[in-house]
Amino acid sequence: PNTMGNPVITTGFSIFTPLHKNTAMRYIRKYLLLPFLLLTTILRADEGMWFPQLLQQLNAAEMRIKGLQIPVDEIYSVNKNSLKDAVVLFGGGCTGEMISSQGLLLTNHHCGFGQIQEHSTLEHNYLRDGFWASEMKDELPCPGLTATFIIRIEDVTASFTAALEGLDEKQRNEKIKEISTALEKKAIEGTHYEARVRQFYSGNEFYIIVTETFNDVRLVGAPPSSIGKFGGDTDNWMWPRHTGDFSMFRVYAGKDNKPAVYSAENVPFKPRHFFSISTKGVQPEDFTMVYGFPGRTQQYISSYQLQTIVKVTNPNRIKVRDERLRIMGEAMRSSEALHLKYAAKQSGVSNAWKKWKGESKGLLAADGLKRKQYLEIDFKNWCEKNPAAGKKYGEVLPTLEKLYSGNRPYLAANDFYAEAAFGVEIISYGIGLSTLVDLSTTATPDTAKMNKEARQQNAALADYFKDYDQPTDQRMMASLMQMFDENVADSLKPVYFTDMRTRYKSDFSKMAAELFKSSMLDDQVKLEKLLSRWSAKSASTLKKDPGYKLASELLTFYRAKVAVKVTALNAESTRLNRLYMAGQREMMPDKKFYPDANSTLRLAYGQVRGYDAADAVHYDFMTTLDGLMEKYIPGHEEFDVPTRLIELFNSKDYGRYAVNGTVPVAFIATNHTTGGNSGSPVINAKGQLIGTNYDRVWEGTMSDILFNPEICRNVTLDIRYTLFIVDKFAGAKRLIAEMDIVE
């Protein structure tokens, strides 16, 4: 397309251009371009998060045309070792990859950020200074961190289809649970594996996924944040990027190479496969693949849900997070101790905040709402012309329209409860204690359960208060409670809250000051005393606490008046989206549909390519160390550079990682990625590791909902920069020695 918005018809690509408003263009689009839009939806380049087990059937021919040089069964196989055996679900929401025969795992710095922070103190600030274990014995245990491998994926839809016919939603869900439990049990009989049945295509298909999870994962190395988070929030989601976003861990196993709880006797895990690493680099149009666990996409939603996202949900969440980030930023700039306390929290809040902003901007620029509406026009026409289709799907879109238009006030209230009210730490902590209070105030308390919960809450206190600051949280409450009050109707707030507002004459700073002064929820000593001597009577004491009272009232009212509406909407939306998805597949039988991402293993493929971000703005495909140094600002919170890196730059001591007198840092390609792909291996045509996925470009973040091949790009940390930092910057040559590096 022409970036000025004039339609240019090019086969194989969607038309993603702003719509002209004049009558002639509306006529052209309505009567001439709709069939072409449908065609190009089918042919859309590089879109898709594909089932690895179906690549041979659906994608092999196109992948070979684009440049794939290895057999598809080397990507996924259950009969022999394949690339899938080197791909890891890292923790609960990222991807990692095996890069040595000794269980060495590579992922993003931001994926390992919480673990790095957990091991950091003022004396040993690994976030600031980095961490590199000199020997295996120095690698740091990370309790609770897991690494999960895929053993196999099987289509079990046939086990469900007939059994679900004619059932209402409640019966359907019960039957799915029943069948899934039986299938899962059978799939892992006689093994130490785990299995779970997952739904795809909005619940129209079912697959069972068998996995192996390791619980002993240790921190091996991480660059300082001035490398691993270079550019901070300013550069986050933006291109060009110069962030060395990587960290290294190691998976440990028992001596039988099977999962084992942490023990000093455990040994490095020997993976079924690990990636060889290519330092050849990339050029424009080179074939690339991203293999990982993308979190969540919504490619097939209706215009009514999209309108809610763009006009209600995203603006609300962005508005609240603007304020949360402002308050956190002031605290973090005030002292190193507070910077440590809030580093991980700020990163978590900021990442989604900036993504939502880019997503909304991209959807508006691509006229995403109209594109959804065009498809819906075709869908309605198809239903009208086909009586059988009309009978099954004719009411889907009208019902979705009523559903979302009638529930937007509750969806907005849901946003402000989640982001504002529950964004105050003293309130979220109080909510966390509600289970203990409920266990203690039943007619016949279960003493064993009650005492166990009290012990767990007491044990978690130290970790909670390690990263808690009362003055910052008090400022957060004053500001967020005012925002909550201004944006939620009184009918959707608890009386306890509105009475407090009246008592303090809407002076939320005064309200927060009084509440913090009289509550024990910000006092570690008082809480330890209460929890260590917990009894049924202790619950009465806690229930009188003003902090707990506010948290409890907000939670109770939210569940009764807001969550119940949102839950009902989601349930009905799930049913209708399942029908709409089935209808779309019937209407377009020649289209290769990929299922929405749901944290299951997928492969995306595309080509290295720059893009035009705006009129007269073209971005090249690669960034370098030279560009990083151009951004360098001494002492700056986001753009400072370690002395050692400056020395290497000045001496041009780049070793074998140099290209044209500099070091490549990052590159972009047309692979379709999302959250969860963070840390995913980026692989070349020969199946070799060439980088680690860590971001998308800001203009293309709407790809979770609408993929635009002209501007959607994934951002990859070039493996040569990773190796340069490990080798030349950190001097961790023992790690380099255990990798299989191909020149």
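Rules behind the numbers
- Residues numbered from 1 in each chain as written.
- Predicted model: local features only at pLDDT ≥ 70, side-chain atom pairs only at ≥ 80, totals over all residues.
- Heavy atoms only, no water.
- Helix = DSSP H or I, 4+ residues; strand = E, 2+ residues; numbered from the N terminus.
- Buried < 20%, exposed > 50% of the residue type's maximum accessible area, 1.4 Å probe, protein only.
- 1 Å grid on protein atoms, 1.4 Å probe; cavity = no way out; pocket = protein on both sides within 12 Å on 5 of 7 lines; lining within 4 Å.
- Points joined across faces, edges and corners; volume = space filled by probe spheres on them.
- Nonpolar A, V, L, I, M, F, W, Y, C, P; charged D, E, K, R; others polar.
- Pairing = 2+ DSSP bridges.
- Salt bridge = Lys/Arg side-chain N within 4 Å of Asp/Glu carboxyl O.
- Core = buried A, V, L, I, M, F, W, Y, C linked by side-chain atoms within 4.5 Å.
- Contact = heavy atoms within 4.5 Å.
- Axes fitted to C-alpha atoms, helices over the stretch in contact; angles between N-to-C directions.
- Parallel < 35°, antiparallel > 145°, perpendicular 65-115°, else oblique.
- Left-handed = near helix turned anticlockwise from the far one by under 90°.

Chemist: With reference to specific residues and values, describe unusual backbone geometry.
Modeler: Cis rather than trans, the peptide bond between W239 and P240 has omega equal to 10 degrees. Along the chain, P240 turns up in the loop between α9 (232-235) and β10 (247-253). Positioned with a positive phi, S202 is a non-glycine residue whose angle comes to about 60 degrees. Tracing the chain through its elements places S202 in the loop between β7 (194-200) and β8 (205-214). Given a relative accessible area of 31%, S202 falls into the partly exposed group. Not every positive phi belongs to a glycine, and E285 is a case in point at roughly 75 degrees. Looking at the element boundaries, E285 is found in the loop between β12 (277-278) and β13 (287-292). What makes E285 partly exposed here is its relative accessible area of 38%.

Chemist: Provide a residue-level description of empty space enclosed by the protein, including the pertinent values.
Modeler: Applying the stated rule across the entire model yields two cavities of 30 Å³ or more. In this structure, the second largest cavity spans a volume of roughly 30 Å³. Every residue along the wall of the second largest cavity is listed here: M49, V290, G292, P294, R602, L603, A604, H672, T673 and N677. No other element matches strand β14 (residues 602-607), which puts three residues into the lining of the second largest cavity. Partitioned by chemical class, the residues of the lining of the second largest cavity number five nonpolar, four polar and one charged.

Chemist: Kindly report on the layout of surface pockets, identifying the contributing residues and their values.
Modeler: Considering only enclosed or pocket space, the second largest pocket measures out at about 800 Å³ in volume. What lines the second largest pocket is a set of 30 residues, and nearest its centre among them are S225, H339, H636, E637 and E638. Where the lining of the second largest pocket is concerned, the elements lending two or more residues are α5 (126-129), α8 (225-228), α9, α10 (303-334) and α11 (336-365). The element contributing the most residues to the lining of the second largest pocket is α11, with six residues. Across the lining of the second largest pocket, the residue classes tally to 12 nonpolar, 10 polar and eight charged.

Chemist: Can you break down the pairing of strand β6 (residues 147-155) residue by residue, with the values?
Modeler: The pairing of strand β1 (residues 87-90) with β6 spans two bridges and is classified as antiparallel. Following the sheet pairing, L89 is matched in β6 by T148. Judged from the eight bridges that link them, β6 and β8 form a sheet pairing that is antiparallel. Counterpart to D155 in the pairing with β8 is Y207.

Chemist: So, the pattern of salt bridges: which residues are in play, and what are the values?
Modeler: Inspection of the entire model under this criterion finds 40 salt bridges. In this structure, K592 and E62 form a salt bridge, with 3.8 Å as the shortest nitrogen-oxygen distance. One end of the pair, K592, is in the loop between α23 (546-587) and β14; the other, E62, is in helix α3 (residues 60-66), with 530 residues separating them in the sequence. Residue E62 is classed as partly exposed on the basis of its relative accessible area, which comes to 29%.

Chemist: Run through the nonpolar core, naming residues and quoting values.
Modeler: Judged by nonpolar contacts, the single largest core of 214 residues is most densely connected at I75, I427, M477, L645, Y721, F724 and M739. Broken down by element, this core gets its largest block of residues, 16 residues, from α23. When residues no more than four places from it in sequence are discounted, the contact partners of F724 are L625, L645, L648, D653, Y654, Y657, V663 and F729. In this structure, A195, F206, I208 and V210 belong to the second largest nonpolar core, which totals 12 residues.

Chemist: So, the packing of helix α15 (residues 425-432) against helix α17 (residues 447-466): which residues are in play, and what are the values?
Modeler: At a closest axis distance of 12 Å, the pairing of α15 and α17 adopts a crossing angle of 165 degrees. Between α15 and α17, the crossing angle belongs to the class labelled roughly antiparallel. Where α15 crosses over α17, the handedness of that crossing is right-handed. Contacts from E425, I426, Y429 and G432 in α15 reach Q457, L461 and Y464 in α17. Of the residues belonging to the contact of α15 with α17, the class tally is four nonpolar, two polar and one charged.

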